[in-house]
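Structural overview for review
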Amino acid sequence: ERLEHTLTTKIGKGEAIRSAGDGLYRMCLGEQRRLVIPQHVSHKYREILPGLLPGDNTVIDVEMIIIKKMSLHKSVSGLVMAMLEPVQDEFCSRTVIVGDTLYVEYEGTLEDGTVFDSSARRGMPFGPFVHGHKQIIDGYTETLEGRCLGERWRMTVPPHLAYGDDGVGEDIPGGATLTFDVRLIKLNDDIWGDEIRNKKVLGYEVIEKPAVCDEFAGAGDDELYIHYEATREDKSKFGSLVTQTPPYGPFSLSGKGTFVPALDYALPGMCLGERRVVVVPPRMGWVGGHHDSIMVEVVLVKMNGKEADILKKYQKSSRGRRGESGKIEL
């Protein structure tokens, strides 16, 4: 019987699969192994491998796809990307989109490990080039989309996304599968360095707070309503305060929240009637996705049936439509 299962396990915590040989120990990201679990110990693994049946020795084909913060991604195009040094979501202020001007550091190797080119060998990064304008091979274009400044990855690029059957000169033969180790070091005017590396983007600032705070949002089952105005990188705006519609809600932070992780981070402890400005990084924002950090002015206008005085001001300009209760949409 064939069984497919994704397993999260901690090496050295008594949860790893042991078999003849090393099991999962010393596996590299992207490595594949075939493990054999002897019949006499198979009962130990039924909790972490549901569906494991008693009987003969069990053969398991394993592929390592996540090690701590590193992760493996396979594309339908045939490209394989190993994310080696991701930027944490709260530190990523912007992601790459078509039209951005980029620089990268890189090292390119053939399948036998021969280095055919590198920025270190040239003494300079590769760039400038404009993303999405056919100035680089398709493998680069595919992996750069959505990347944060400073991220490092390794990509294995099949020939049709690299130099095809023709190759390039004497260094890259036709039909070659290439591997690149890449770091994005410049995104438009921003340059990767300690200042950007250590700058946390996610955050909020209190801009108005009632003199008396009798009611404040907890992380529990409080029923909340908010008004909000979001301003994007291009200065365009959206939200209930922009459209003059009723507040978003009801929602609770113990439930599905606002569906915007950065807002859910900023709401706990907020007083009824309080106004905050929240910086929403692209990977902690709206379900539809956005490349930029969005500044959101949010006001807690109703909680557990009690309305803030400021809500009356907003209600006068409201069009009288029903409040939202689904996802906050971009």
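How each quantity is defined
Residues numbered from 1 in each chain as written. Predicted model: local features only at pLDDT ≥ 70, side-chain atom pairs only at ≥ 80, totals over all residues. Heavy atoms only, no water. Helix = DSSP H or I, 4+ residues; strand = E, 2+ residues; numbered from the N terminus. pLDDT = per-residue confidence, 0-100. Contact = heavy atoms within 4.5 Å. Disulfide = S-S within 2.5 Å. Phe/Tyr/Trp six-rings, centres within 6.5 Å; stacked < 30°, edge-to-face > 60°. Buried < 20%, exposed > 50% of the residue type's maximum accessible area, 1.4 Å probe, protein only. 1 Å grid on protein atoms, 1.4 Å probe; cavity = no way out; pocket = protein on both sides within 12 Å on 5 of 7 lines; lining within 4 Å. Points joined across faces, edges and corners; volume = space filled by probe spheres on them. Salt bridge = Lys/Arg side-chain N within 4 Å of Asp/Glu carboxyl O. Patch = residues over 30% accessible without salt bridge, like charges linked within 9 Å, V, L, I, M, F, W, Y side chains within 5 Å. Areas by Shrake-Rupley, 256 points an atom, 1.4 Å probe, with all protein chains shown as cover. Pairing = 2+ DSSP bridges.

Let us now look at unusual backbone geometry. Look at the link from Gly-127 to Pro-128: it is a cis peptide, with omega at 0°. The residue Pro-128 is located in strand β8 (residues 126–130) in this model. The omega torsion of the bond from Gly-249 to Pro-250 falls at 0°, within 30 degrees of zero and hence cis. By secondary structure assignment, the location of Pro-250 is in strand β15 (residues 248–251).

Turning our attention to the confidence of the model for the chain. Across the chain, pLDDT averages 86, with 82% of residues at or above 70. By mean pLDDT, the top-scoring element of the chain is strand β10 (residues 178–187) (98), and the lowest-scoring one is helix α6 (residues 310–317) (65). Here residues 319–326 scores under 50 on pLDDT; set against residues more than four positions off or in separate chains, the count is 18 contacts.

A complete count under the given rule lists two disulfides for this structure. Take the cysteines of the chain that form disulfides and number them in order along the sequence; they join up as 1-2, 3-4.

Moving on, we get to the environment of Gly-23. Note on placement: Gly-23 falls in the segment before β1 (32–37). Sequence spacing of Gly-23 and Val-36 is 13 residues, and the spatial spacing of their C-alpha atoms is 8.5 Å.

For the coordinates displayed, the defined rule picks out seven aromatic pairs. With a centroid separation of 5.1 Å and an interplanar angle of 25°, the aromatic rings of Phe-126 and Phe-129 are classed as stacked. When the ring of Phe-238 is compared with that of Trp-286, the centres are 5.2 Å apart and the planes differ by 80°; the resulting orientation is edge-to-face. Within this pair, whereas Phe-238 is found in strand β14 (residues 237–238), its partner Trp-286 is found in the loop between β16 (275–280) and β17 (294–303), the two being separated by 48 residues in sequence. Judged by relative accessible area, Trp-286 falls into the buried class, the value being 3%. A connected cluster of aromatic rings, assembled from ring pairs, spans Tyr-106, Phe-126 and Phe-129.

Its boundaries defined by the atoms lining it, the second largest pocket holds a volume of some 410 Å³. Lining the second largest pocket are 20 residues, with Ser-93, Arg-94, Asp-190, Val-201 and Ser-293 sitting closest to its centre.

The tally for this structure, following the rule as stated, stands at 18 salt bridges. Among the salt bridges present, the one from Arg-94 reaches Asp-100, with a minimum N-O distance of 2.7 Å. Both residues of the pair, Arg-94 and Asp-100, belong to the buried class. When salt bridges that share partners are traced, they join Glu-85, Arg-152, Asp-181 and Arg-183 into one network.

Moving on, we get to the environment of Gly-127. When you line up the elements, Gly-127 lands in strand β8. A residue is classified by how much of its surface remains accessible, and Gly-127, at 30% relative accessible area, is partly exposed. Distance from Gly-127 to Tyr-103, taken between C-alpha atoms, is 4.5 Å for residues 24 residues apart in sequence. If near-sequence neighbours (up to four positions away) are discounted, Gly-127 is found in contact with Leu-102 and Tyr-103.

Quick look at the side chain of Thr-95 now. With respect to the helices and strands, Thr-95 occurs in the loop between β5 (80–85) and β6 (101–109). If we ignore the near neighbours within four places in the chain, the residues touching Thr-95 are Asp-100, Gly-146, Arg-147, Cys-148, Pro-282, Arg-283, His-290 and His-291.

Turning our eyes to something else, we now look at a nonpolar patch on the surface. On the surface, Tyr-204, Val-206 and Tyr-265 cluster together into a nonpolar patch covering about 270 Å² of accessible area. With respect to the helices and strands, the residue Val-206 is situated in strand β12 (residues 203–208).

The next point concerns the environment of Leu-79. Take Leu-79: it is sitting in the loop between β4 (70–74) and β5. Separated by 63 residues in sequence, Leu-79 and Glu-142 place their C-alpha atoms 8.5 Å apart. Residues contacting Leu-79, with those up to four places away along its chain left out, are His-73, Lys-74, Gly-139, Glu-142, Thr-143, Met-155, Thr-156, Val-157, Pro-158 and Leu-161.

Within β10, seven of the ten residues are buried, leaving the element largely enclosed by the surrounding structure. Relative to β10, β6 runs antiparallel, the two sharing eight bridges. Bridge pairing in β10 links Thr-109 to Thr-179. Here strand β9 (residues 152–157) runs beside β10; their pairing, made up of six bridges, is antiparallel. Paired with Thr-156 across the two strands is Thr-179, which belongs to β10. Taken together, the two bridges between β10 and strand β11 (residues 190–191) define a ladder with antiparallel strand orientation. Within β11, the position partnered with Leu-187 by the bridge is Asp-190. From the end of β10 to the start of β11, which pair antiparallel, there are two residues, and Asn-188 there has a positive phi angle of about 55°.

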